[in-house]
Amino acid sequence: MDGTLVPREQAVVSVFDHGVLYGDGCFEGIRAYHGRIFRVGAHIDRLFASAEAIRLKSPYSREQWIDAIRTTLNANGLTNAYIRVVMTRGVGTLGLNPFRCPAPTCFIIADSISLYPPALYESGMKVITARRPRNLPAALDPSIKSLNYLNNILAKIEAIDAGVLEAIMLNHEGFVAECTGDNIFFVKGGRVVTPAASAGLLVGVTRGFVLQLCREMGLPCEERLFRIEELRQADEVFLTGTAAEIIAVSQIDDDVIGSGTIGPVTRRLTEAFRARVASHAPED
Ligand code: PXG
């Protein structure tokens, strides 16, 4: 918390913090595998980009954040972990003005996470198409990982109400953007496709890693705009995210995707992903 290790019960934030009052701030979710912090540089770069986009200045350098993440991981005795890094606007007066908050509140949590039941990684999971569109980039750019997640949470509620765990979100023009907490890919005729950043989405670290794996494995891949109809006709659909890693989609609304279970390309990418995070490659 703000540069000091504190026990869990002392890790508290003021009710006057604008992160709490207005969702004014940004965050990252990061994984550690075997004591190595996965793509920590990319996550801290994105944290700084999010902060800059909301005119929030980090009191710590990139290196200080990375050191603090490592310290928090070690203090919790964790080697496999989920790390949450949060930077809020800080404590201020009631009223929106962010510039009346003298200092950001910064904290790091190291804990565990399991997002989806393990069996779903074999069977694939059902998702729905949310009726609610993803935020308009000109209003609140989804590439900013801000503490305002209500757009995603309201779509997540649509999913839960429909008895599934994720929802596909379309942008204001009806192009597929992403899911509430995951990016989305499809495979058709051996080509791997994911929405281009211009669809208005969080440019996921896992998404970037999967695109890199495709190139390394010689799988043709592209980033472009597409509509939900194209997704319904795909051979395979899968989601990517820090928490989810790679998970197959078996059904979208009433449409079964491909064989209705994890497909061969998704399986290959999942195996490559797991091998890489388990390997002793240097941390990056
Ligand atoms: N889109 C959105 C809206 C996200 O929130 C992703 C895509 C995937 O990005 P990364 O960089 O993780 O590959 C995210 C990330 C959670 C949780 O608690 C959600 C995310 C990450 C970690 C935990 O549900 N979402």
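Residues numbered from 1 in each chain as written. Predicted model: local features only at pLDDT ≥ 70, side-chain atom pairs only at ≥ 80, totals over all residues. Heavy atoms only, no water.

Draft legend 1. Layout of a nonpolar patch on the surface. Taken together, the side chains of V15, F16, L21, V91 and L94 define a hydrophobic patch exposed on the protein surface, amounting to about 460 Å² of accessible area. Inspection of the secondary structure puts L21 in helix α1 (residues 18–22). What makes L21 partly exposed here is its relative accessible area of 32%. (Patch = residues over 30% accessible without salt bridge, like charges linked within 9 Å, V, L, I, M, F, W, Y side chains within 5 Å. Areas by Shrake-Rupley, 256 points an atom, 1.4 Å probe, with all protein chains shown as cover. Salt bridge = Lys/Arg side-chain N within 4 Å of Asp/Glu carboxyl O. Helix = DSSP H or I, 4+ residues; strand = E, 2+ residues; numbered from the N terminus. Buried < 20%, exposed > 50% of the residue type's maximum accessible area, 1.4 Å probe, protein only.)

Draft legend 2. Broad picture of the packing of helix α2 (residues 40–53) against helix α3 (residues 62–75). At a minimum axis distance of 10 Å, the contact between α2 and α3 shows a crossing angle of 125°. Relative to α3, the element α2 lies oblique. Both α2 and α3 take part in a crossing whose hand is right-handed. Of α3, the residues touching α2 (which contributes V40, G41, I44, D45, L47 and F48) are R62, W65, I66 and I69. (Axes fitted to C-alpha atoms, helices over the stretch in contact; angles between N-to-C directions. Parallel < 35°, antiparallel > 145°, perpendicular 65-115°, else oblique. Left-handed = near helix turned anticlockwise from the far one by under 90°. Contact = heavy atoms within 4.5 Å.)

Draft legend 3. Spotlight on the domain arrangement of the chain. Considered domain by domain, the chain is made up of domain 1 (8–111) and domain 2 (120–279). Taken over C-alpha atoms, the centre of domain 1 sits 25 Å from the centre of domain 2. With 25 residues of domain 1 at the contact, the number on the domain 2 side is 20 residues. Counting each side, the surface lost to burial between domain 1 and domain 2 is near 1800 Å², with a carbon and sulfur contribution of 60%. Broken down residue by residue, the surface that domain 1 buries against domain 2 is led by F27, R39 and R46, which jointly contribute 31%. Here domain 1 and domain 2 share one salt bridge between them. (Domains from an automatic or database assignment. Buried area = accessible area lost by both parts, 1.4 Å probe.)

Draft legend 4. How the structure looks around the pattern of salt bridges. Enumeration according to the criterion identifies 16 salt bridges in this entry. With a closest N to O distance of 3.1 Å, R31 and E245 form a salt bridge. Taken together, the residues R31 in strand β1 (residues 25–33) and E245 in strand β12 (residues 245–252) connect sequence positions 214 residues apart. With a relative accessible area of 13%, R31 lands in the buried category. Across the salt bridge formed by R134 and E178, the nearest N and O atoms sit 2.6 Å from each other. Of this pair, R134 sits in the loop between β5 (125–129) and α5 (150–161) while E178 sits in strand β7 (residues 176–179); the two residues are 44 residues apart in sequence, bridging distant segments of the chain. Assessed through its relative accessible area of 6%, R134 is described here as buried. Among the ionic contacts, a cluster of salt bridges with common partners joins R191, E222, R224 and E230.

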